[in-house]
Each structure stands twice: as structure tokens, then as C-alpha cells.
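A closer look at the structure
If you want the building blocks of each chain, they are given just below.
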Amino acid sequence: MLRRCFLFLSLFAASLTMSAQEEQLDSAYLAQIDSILVEYERQKKQNEVEKVIRQYEELKLKKEMSFKTDGTLALARGLLLTWTDHHFINHPAQFERKGDGRNWAAYAVGGMPLVANWTLKAAGVESRSKWERMLTANAMALGISFGATEILKQTVREARPDQADLHSFSSGHASFAFVSATVLSREYGYISPWITIGSYATATTTQLLRIKHNKHWMNDLYVGAGIGTLSTNLGYFLTDKIFGAEYINKPDVRRRDVMRLMQFNEQPSGFT
């Protein structure tokens, strides 16, 4: 009888031990599954983030390489002034002559953004374009602007306010200054809006200097500004068509910023 009781107790203890071991195995197995699921969700979210980043970079690059119509308004306004004020412009009154027609100081002011652009590039500050692309775009912008301005000067033959010559329309100083400003804005405007503001402020200063020296009418300056801006945008557009996605610094989207945005969007409110 005692042997039977002892055997029963031994079997009962063994069954309890096996149950405890099975529970430990089940707990370890479930913990492993939970860990795998957590890693799967993390990897899945990371893949989603990378997909969003790629799509956003492609959209940004496509938008950057599209033709921009900045300068159209200034050009249209200058042409409208030319049409509405032609009687005033053709009046025989002569304004005082102040300095020579070229006024190199105005060229120096207008060229400051272009100098700043190439100085930043030489210093290693990352720009929109790499060396080959920037050189091509800048050369095209200056060539188109100079060509368009000279054609207008030789065909329209508008007298300057001081009657110095018949090359008033349109302003070469203004077109050069706005090429310079637009180049700096397109290459380094991403750093701060003040770069764009400062570059166009110098271009506007060039316009004011030309008025001060009685070398241009207002319509000349508006048309010059429009030509300079549109020529730069056209130069960059043509360069983008030539090079495609080569030699361009693609928009940088940081993964941690997208992750923060996705986590914020998953929350029911911005306070939780």
C-alpha cells in the first residue's frame, strides 16, 4: 500500500514538473513571437518611410526641374508701360546727364549676388547644382539675357531720358542684375529666404541707380528685370533638359523627420 502511495506521489510530482517546464517553453515561445512581430512592424514602418522619402524626393526634383515663370509679371508690366506711356517717353524734354552710359558701379552692385554665388560654391557650400551644371546654366542665362536685351536695343531704338543715345529699351543693367539675383536664389535660396530677399534687393538697387543717373525709363527697367529673371529660368530649364538628373544635388529628406511626422499622424491628437 505504501509503495502504491509513493508511486502515485512520484507520478504527480513528475507531472507538475513537466507542466511547469511546458509553461516556461510556452512563455519563451510567445515572447519570441512577440519580438518577431515587433521587429516586423518596425521594419515595415521603416520601409514605408523610405518609400515616402523616395516619392517626395522625386516630386521635389520634378518640381525643381520644371520651367518657372518668375519674371513674367515684370515683363508684362514693362510692356504695358511702354504702350501707355509712349507719348511721355517720346517727349522732346531732356533730362540732365549724370556720368557715362555704362555706369560700372551699377554693374558692380548688380553682380554682387553672382559673385556671392560662386564664392559660396568655391567655399564648398552645397548648392542646387554641381560645377558642370551650374556653369552651363549660368552661361546660358547670361547669353540669353544679353542676346534678348541687345536685340531690343537695336530694334526699338528708344532714346534715353538724357538723350545720350537710342539704347534705352531695355535695360541691360537690370537684366544682368536680375540674372545675378535669380541665380543666387535658385542655387542657395534653400538655406534661408533672406538670401533671396538680399539678392533681389541688390537688383532693385541697380534699377534705382539707373533712374538716378537718368539712363532709363521705368518701362525699360521692368522689361529688363523680366528678361533677366525669365532668361535665368529658361537657362536652368534647358540645362536640366540636357543633363537630366545628372550633376544635381537632389533634395535631402531626413528619415527621422518623416518618422516624427508619421508618429505624430498616428496619434489621435497633437497633445497625446
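Described below are features of the structure shown in this document. (Residues numbered from 1 in each chain as written. Predicted model: local features only at pLDDT ≥ 70, side-chain atom pairs only at ≥ 80, totals over all residues. Heavy atoms only, no water.)

Within the largest apolar cluster, 6 residues are counted, these being Leu-114, Ala-137, Ala-141, Val-179, Val-183 and Tyr-236. Broken down by secondary-structure element, the contributors of at least two residues to this core are α6 (131-156) and α7 (172-188). Each residue touching Tyr-236, except ones within four places of it in the same chain, is listed here: Arg-128, Ser-129, Ala-137, Asn-138, Val-183, Arg-186 and Glu-187. Core analysis: the next-biggest nonpolar cluster, separate from the first, contains 5 residues, Phe-178, Ala-181, Ala-203 and Ala-225 among them. (Core = buried A, V, L, I, M, F, W, Y, C linked by side-chain atoms within 4.5 Å. Buried < 20%, exposed > 50% of the residue type's maximum accessible area, 1.4 Å probe, protein only. Helix = DSSP H or I, 4+ residues; strand = E, 2+ residues; numbered from the N terminus. Contact = heavy atoms within 4.5 Å.)

A few words now on α6. Given a rise of 1.5 Å per residue, 26 residues ought to cover 38 Å, and the 37 Å separating the end C-alpha atoms of α6 matches this to within 8%. Here α6 has its buried residues at Arg-133, Met-134, Ala-137, Asn-138, Ala-141, Ser-145, Thr-149 and Lys-153. Contact partners of the buried residues in α6: α5 (112-122), α7 and α9 (218-243). Of the residues one or two after α6, Arg-157 is the one with positive phi, at around 55°. (Expected span 1.5 Å × (residues − 1).)

The geometry of two aromatic rings is summed up by the distance between their centres and the angle between their planes. In the structure shown here, the tally under the stated rule is 7 aromatic pairs. Seen from their ring centres, Phe-67 and Phe-237 are 5.7 Å apart, and the 75° between their planes marks the pair as edge-to-face. Taken as a pair, Phe-67 in the loop between α1 (2-64) and α2 (72-84) and Phe-237 in helix α9 lie far apart in primary sequence, 170 residues in all. Judged by its relative accessible area of 37%, Phe-67 falls in the partly exposed class. We classify Phe-237 as partly exposed; its relative accessible area is 23%. Consider the rings of Phe-178 and Tyr-200, whose centres lie 5.9 Å apart with planes at 45°: the pair is tilted. (Phe/Tyr/Trp six-rings, centres within 6.5 Å; stacked < 30°, edge-to-face > 60°.)

Interhelical geometry of α6 versus α7 gives an angle of 160° and a closest axis separation of 10 Å. As the angle between them shows, α6 and α7 are arranged roughly antiparallel. With respect to the hand of their crossing, α6 and α7 are arranged in right-handed fashion. In contact with Met-134, Asn-138, Ala-141, Leu-142, Ser-145, Thr-149 and Lys-153 of α6, α7 contributes Gly-172, Ser-175, Phe-176, Val-179, Val-183 and Glu-187. Split into classes, the residues belonging to the contact of α6 with α7 amount to 6 nonpolar, 5 polar and 2 charged. (Axes fitted to C-alpha atoms, helices over the stretch in contact; angles between N-to-C directions. Parallel < 35°, antiparallel > 145°, perpendicular 65-115°, else oblique. Left-handed = near helix turned anticlockwise from the far one by under 90°. Nonpolar A, V, L, I, M, F, W, Y, C, P; charged D, E, K, R; others polar.)

Inspection of every chain in the model, using the stated rule, returns 6 salt bridges. A salt bridge links Glu-64 to Arg-128, with the shortest nitrogen-to-oxygen separation between them at 2.3 Å. Here Glu-64 is found in helix α1, whereas its partner Arg-128 is found in the loop between α5 and α6, with 64 residues between them in sequence. Judged by relative accessible area, Glu-64 falls into the partly exposed class, the value being 23%. Of the charged contacts, one joins Arg-186 and Glu-64 as a salt bridge, the two residues approaching to 3.3 Å between their closest N and O atoms. A residue pair is termed long-range when its members are at least 10 positions apart, and Arg-186 in helix α7 and Glu-64 in helix α1 qualify at 122 residues. With relative accessibility at 12%, the residue Arg-186 sits in the buried group. When salt bridges with common partners are traced through the structure, they connect Glu-64, Arg-128, Arg-133, Arg-186 and Asp-240 into a single cluster. (Salt bridge = Lys/Arg side-chain N within 4 Å of Asp/Glu carboxyl O.)

Buried within α5 we find Pro-113, Leu-114, Asn-117 and Lys-121. Each buried residue of α5 lies within a common arc of 105° when the element is viewed along its axis, so the set occupies one face. Exposed side of α5, more than 90 degrees from the buried face: Val-115 and Ala-122 are the residues found there. In the core, the buried residues of α5 are packed alongside α4 (104-110), α6, α7 and α8 (193-212). Trailing α5 by a residue or two, Gly-124 shows a phi angle of about 95°, which is positive. (Arc of directions from axis to C-beta.)

We now examine unusual backbone geometry. Where the residue is not glycine, phi is negative for most of them; where a peptide bond is considered, it is trans in most cases. The omega torsion across Phe-169 and Ser-170 is 0°, close enough to zero to call that bond cis. Following the sequence through the fold, Ser-170 ends up in the loop between α6 and α7. Notably, Gln-163 is not glycine yet its phi reads approximately 60°, a positive angle. Mapped onto the elements of the fold, Gln-163 is located in the loop between α6 and α7. With phi around 60°, Tyr-247 is a residue other than glycine that occupies positive phi space. You can call Tyr-247 partly exposed: its relative accessible area is 30%.

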